[in-house]
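Observations on the model geometry
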Amino acid sequence: MQNTKFFSKFIVIGVLLLAIMSFNWDRIELEGRAFAITIGIDAAEGDEAFEVSMSIADVAAMEGQGNSDDAATLRIACGESLARAMGQIDAKISGKVYYGHTKAVVLGESVLADENLLREVVDTLSRKNDINIKCIVMATDASAKDILEAKPQEQSLLGLYLSGFYNNNNANTAASVVKLDLEGLVTSLQNDHSAVIPKITLDGEGEEAEVTISGVAIVRDFTLADYIPEDDMAGFLWLMENSAGAQIAIDEGDGHITFLVQKSKVRLGFEEAGGQLHCTARLHAEGSIEGARFMDDYFFDYQTMQKLQEEFAQKIRDEIEEVFGIFQHDFGVDGFGLKELMRKKYPRLYEVYGTDWRNTFENMVLVADVDVLIRNTGSIK
Amino acid sequence: MTNTAIKHDGFALNNKISLRQLQALLFLEIFGFGVTALPRRVAESAAQDGWIAVLLATAMIIPMVMIATHVTKLAPGLSFHDFASKLLTRPIGIIISLIFCTRLVLLAAFNLRIFAEITRQTMLPSTPFAAVFVSMLLLAAYGAAKGIETRARMAEVLIFIVLLPLIFVFGISGRDIDFTNLAPVLASSPASILSGSFSAFFAFSGVEVLLLLGPYLSRPKDLTKSANKVIITMGIFMAIVTAVTIARFGPANIIHQMWPVLKMMDTISLPGSIIDRQGALIMTFWIISAYATINAALFFSSLLLKDVVKRGKHSYYILGLVPIIAILAHLPENLVSVYDYFNLANSTFGLTTMVAIPLLLFIIAKIRRFKRAEY
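Report follows, based on the coordinates.

Definitions and limits used
Residues numbered from 1 in each chain as written. Chains lettered and ligands numbered in written order. Predicted model: local features only at pLDDT ≥ 70, side-chain atom pairs only at ≥ 80, totals over all residues. Heavy atoms only, no water. Helix = DSSP H or I, 4+ residues; strand = E, 2+ residues; numbered from the N terminus. Buried < 20%, exposed > 50% of the residue type's maximum accessible area, 1.4 Å probe, protein only. Contact = heavy atoms within 4.5 Å. Core = buried A, V, L, I, M, F, W, Y, C linked by side-chain atoms within 4.5 Å. Phe/Tyr/Trp six-rings, centres within 6.5 Å; stacked < 30°, edge-to-face > 60°. Lys NZ or Arg CZ within 6 Å of the ring centre and 35° of its normal. Expected span 1.5 Å × (residues − 1). Buried area = accessible area lost by both parts, 1.4 Å probe. Salt bridge = Lys/Arg side-chain N within 4 Å of Asp/Glu carboxyl O. Polar contact = N/O pair within 3.5 Å; in protein donor to acceptor, adjacent residues only side chain to side chain. Nonpolar A, V, L, I, M, F, W, Y, C, P; charged D, E, K, R; others polar. Axes fitted to C-alpha atoms, helices over the stretch in contact; angles between N-to-C directions. Parallel < 35°, antiparallel > 145°, perpendicular 65-115°, else oblique. Left-handed = near helix turned anticlockwise from the far one by under 90°. Patch = residues over 30% accessible without salt bridge, like charges linked within 9 Å, V, L, I, M, F, W, Y side chains within 5 Å. Areas by Shrake-Rupley, 256 points an atom, 1.4 Å probe, with all protein chains shown as cover. Pairing = 2+ DSSP bridges.

**Digging into the overall build of chain A**
Scanning chain A from N- to C-terminus turns up 13 helices and 13 strands. Residue burial in chain A is summarised as follows: out of 381 residues, 49% are buried. Counting contacts in chain A only where the partners sit at least 6 residues apart, residues at least 24 apart contribute 67% of the total.

If you want it as structure tokens, here you go:
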């Protein structure tokens, strides 16, 4: 019995001691943490491969104990590999860099244009255990460093601004629809060696410069192919699962009529016809009239309503066909996840067409079937 | 070992556990360790049909459970070693007991190493391996030294602490799951699914302790039914966890995740949460499961050694096994080696203890018409 008691005491004291020591080994005070909120990655000039810019949150300033304009400090370091460049930042600052709260990663054009650099970036980031795979990934045609240096108007931290932007803008712009996180980038590159990355640009110069989310960057074979501007991307959001919040305007008489989508459903599918593969996009959109010319009473008349619905549907159809054509013929990049859709839902067709997907995608025929329903006309007739 | 019930702190100390306690123990010992890497392992072979492979593995393990429990019920009062010695002569009984012991020691060592690796990567990056090893081993040894009843009562409490976070995690992760990732169903070849189920079969590692439980059951008669119930429940749980994890990450992505079930939690953002990442929740499940597996391995291997040597208390053997397990856990150079050794141990000692030994004992007992009355 005495032996057992000694054994018990020995173990309890041993475990307690180790727990206390472990607390000491891994003790990090909040002040000792450097929270990397946004990471910018560019190709470096000279011998080094990467230049990493890191926006590190000043916790005291964020808590209101300092100047809120200085809520973050920008740290820049270069390295022969991405991991080394990130490590260099750690070596430069007093705190320990923590990536668990990283909200966004911005990839500069120089990285996107180099297959080797881009592949290293994706591998290094997804290998890093404390990086949240849900952090947003953005591309820029400028340098990522310049983007991180600019401050968004409402929010001094770019990462938090981007996070808020995507939470609050469901489908106002195509760029907001094309939300890409680190996990999505990895999956997309794994599936098709391509990706559609939302683009962030810099408007203006110097301290007045502002960041804008607009358009997308197309990566094909792990390399930047080109950018698609916001205007050409209008049709993209119609092919997304939910385009509620999207607006579309048509010319009518001497004015414009704007339609706001409140509910939508798109069904993508495939069928073979005449020895050719057809991709079918069946979209049903419901919503309300947001604006027209004052005193133009279009909406009294059932026939006119039908005509307007058909005009909206035609415009949506045109936009879908335009953006599909850009992806299909200009880039040969399946930005709509059609390959995965076919693999999952049309396994027999996938056996035939899935092996040479790029060729399949470039030669498939799009059949867009759009149906618009105007549910209401706002507060006035 | 005495069957005389004595009272101590309000609990009967008679070295017997109820079948409900047995179920809790089995669930804790097997489920946690098996499930963390399971979705990746089955997806490597069977892709999106991995969950079917898990169900198939469950169907494969059930006959083995029935055989093992049948063998256990043949001599409920005898220890495994005594039973094997009686059936197959003492030298062979010693060899079988030592094979069993080695299997359990290796299971504890690899479990400990993987536990330490996960702890280092997710929570304590600067704490030395040795500290993590020793803390876990000492705690597991303490629990094992206290005997089967203490372990059983502990399991009854811990099972809720394990299950609740798991159900919570998989419940809230449902918002962000794309179940089309499980399509097309049954697209993998039968050979791939079978290969996946072979991997999944070893997720039930630890089920062989059913052979060792004979002397500790209050109602051995219902052992088969109870064991089958818990194994089927566990198999269904594992299949659900696998399906949800594959649906979450997709079959192409999941094969690159080291521990996809643990990664699940990191991808969830709770609405209104002030904490950005909820990894701690799933770590609760993982730590307790690792503890239960190591604790069980220590307990049963020390009992086997005690029965073979026929001297001293089992707690002395635990003290001897602790450094051996710590050294074995430290031996593999890296995680890749750990999993290589683990696979090797599974396909040798694992298959021997989970399939060959129960079958051998069952067949010999049948041939010799061994019945309960014989001892």
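**Looking at the nonpolar core**
Counting residues in hydrophobic clusters, the biggest one holds 144 residues, and the most contacted among them are B:Ile231, B:Met238, B:Trp286, B:Leu298 and B:Phe300. Considering every element that reaches this core, the biggest residue donor is helix α12 (residues 279–309) of chain B, with 17 residues. When neighbours within four sequence positions are excluded, B:Ile231 is seen to be in contact with B:Ile30, B:Thr58, B:Ile61, B:Ile62, B:Val65, B:Phe204 and B:Val207. Formed by 50 residues, the second largest nonpolar core is a distinct cluster that contains A:Val178, A:Leu308, A:Phe312 and A:Met364.

**Remarks on the side chain of A:Ser55**
Residues and elements named next belong to chain A. Summarising the element assignment, Ser55 is placed in strand β2 (residues 50–57). Owing to a relative accessible area of 9%, Ser55 belongs among the buried residues under this scheme. Excluding residues that lie within four positions of it along the chain, Ser55 makes contacts with Phe35, Ala36, Ile37, Thr38, Ala72, Thr73, Leu74, Leu148 and Leu157.

**A word on the packing of aromatic side chains**
Applying the stated criterion across every chain, the model contains 20 aromatic pairs over all chains. Plain terms: the ring middles of B:Phe27 and B:Phe237 are 5.8 Å apart, the flat faces sit at 90° to each other, and that makes the pair edge-to-face. Of this pair, B:Phe27 sits in helix α1 (residues 19–36) while B:Phe237 sits in helix α9 (residues 223–249); the two residues are 210 residues apart in sequence, bridging distant segments of the chain. Classification of B:Phe27 by relative accessible area gives buried; the value is 5%. Owing to a relative accessible area of 25%, B:Phe237 belongs among the partly exposed residues under this scheme. Clustering of aromatic rings is evident, with ring pairs tying together A:Phe236, A:Phe324, A:Phe327, A:Phe336 and A:Phe361. Over the aromatic face of B:Phe249 sits the side chain of B:Arg248, whose NZ or CZ is 5.2 Å from the ring centroid.

**Looking at α9(B)**
All names here are of chain B. Under the 1.5 Å per step criterion, the end-to-end length of α9 is 38 Å for 27 residues, consistent within 8% with the ideal 39 Å. Most of α9 is tucked away: 20 of the 27 residues are buried. Positioned one or two residues after α9, Gly250 has a phi angle of 85°, which is positive.

**Here's the deal with the interface of chain A and chain B**
How big an interface is tends to be stated in terms of accessible area lost as the parts join. Listed by partner, the interface residues are 31 residues for chain A and 37 residues for chain B. At the boundary of chain A with chain B, total buried surface from both sides reaches about 2900 Å², with 55% on carbon and sulfur atoms. Linking chain A to chain B there are two salt bridges. Here A:Glu183 makes a salt bridge to B:Arg248, at a shortest N to O gap of 2.7 Å. Across the chain A-chain B interface, the total number found is seven residue pairs in polar contact (both at pLDDT 80 or more). At the level of secondary structure, the elements contributing two or more residues to the side of chain A that touches chain B comprise α1 (2–25), α9 (182–192) and α11 (338–345) of chain A. A total of eleven residues in the side of chain A that touches chain B trace back to one element, the largest contributor, which is α1(A). Looking at side-chain class alone, the side of chain A that touches chain B contains eleven nonpolar, twelve polar and eight charged residues.

**A short note on the packing of α1(B) against α9(B)**
Residues and elements named next belong to chain B. Packing of α1 against α9 leaves a shortest axis separation of 10 Å and a crossing angle of 30°. If you check the angle between α1 and α9, you find them roughly parallel. As α1 packs across α9, the resulting crossing turns out to be right-handed. Each of Leu19, Leu22, Gln23, Leu26, Phe27, Ile30, Phe31 and Val35 in α1 lies in contact with α9, whose residues at this interface are Leu223, Ser226, Lys229, Val230, Ile231, Met234, Phe237, Met238 and Val241. For the contact of α1 with α9, the per-class residue count stands at 14 nonpolar, two polar and one charged.

**Quick word on a nonpolar patch on the surface**
Residues and elements named next belong to chain B. A grouping of Leu55, Ile232, Ile236 and Ile240 is seen on the molecular surface, where their side chains present a nonpolar patch of about 330 Å² in accessible area. Examining the composition of the nonpolar patch, we find that three residues originate from one element, α9, more than from any other. Position of Ile236 relative to the elements: it lies in helix α9. For Ile236, a relative accessible area of 43% translates into the label partly exposed.

**Let's talk about the environment of B:Trp51**
Residues and elements named next belong to chain B. With respect to the helices, strands and loops of the structure, Trp51 is situated in helix α3 (residues 50–74). Residue Trp51 is classed as partly exposed on the basis of its relative accessible area of 24%. Taking the C-alpha atoms as reference points, Trp51 and Arg20, 31 residues apart in sequence, are found 27 Å from one another. For Trp51, the residues in contact, after removing those within four places along its chain, are Leu182, Val185, Ala239, Thr242, Ala243 and Ile246.

**Topic: the environment of B:Ile318**
Residues and elements named next belong to chain B. Looking at the secondary structure, you find Ile318 in helix α13 (residues 314–330). Sequence separation of Ile318 and Pro165 is 153 residues, and the distance between their C-alpha atoms is 31 Å. When sequence neighbours within four positions are dropped, the list of residues in contact with Ile318 reads Ala141, Ala144, Ala145, Leu298 and Ser302.

**Concerning the pairing of β2(A)**
All names here are of chain A. Burial of β2 is extensive: eight of the eight residues sit out of reach of the surface. Covered by surrounding structure in β2 are Phe50, Val52, Met54 and Ile56 together with Glu51, Ser53, Ser55 and Ala57, the residues of both alternating faces. As judged from the eight bridges shared by strand β1 (residues 33–43) and β2, these two strands associate in the antiparallel manner. By the bridge assignment, Ile39 is partnered in β2 with Met54. The turn linking β1 back onto β2 is made up of six residues, and Gly46 within it adopts a positive phi angle of 85°.

**A word on unusual backbone geometry**
Residue B:Pro184 is reached from B:Ala183 by a cis peptide bond, and omega for that bond is -10°. Here B:Pro184 is to be found in the loop between α7 (148–172) and α8 (190–201).

**Quick word on the pattern of salt bridges**
Residues and elements named next belong to chain A. A full pass over the atoms with the stated rule returns 25 salt bridges over all chains. A salt bridge links Glu362 to Arg220; its shortest N-O distance comes to 3.9 Å. On the criterion of sequence distance, the pair formed by Glu362 in helix α13 (residues 357–363) and Arg220 in strand β8 (residues 210–220) is long-range, its members being 142 residues apart. Judged by relative accessible area, which is 28%, Arg220 ranks as partly exposed. Taking the shortest distance from any N to any O, the salt bridge between Glu311 and Lys307 comes out at 3.1 Å.

Everything listed here is a matter of geometry and, on its own, says nothing about what the molecule does.
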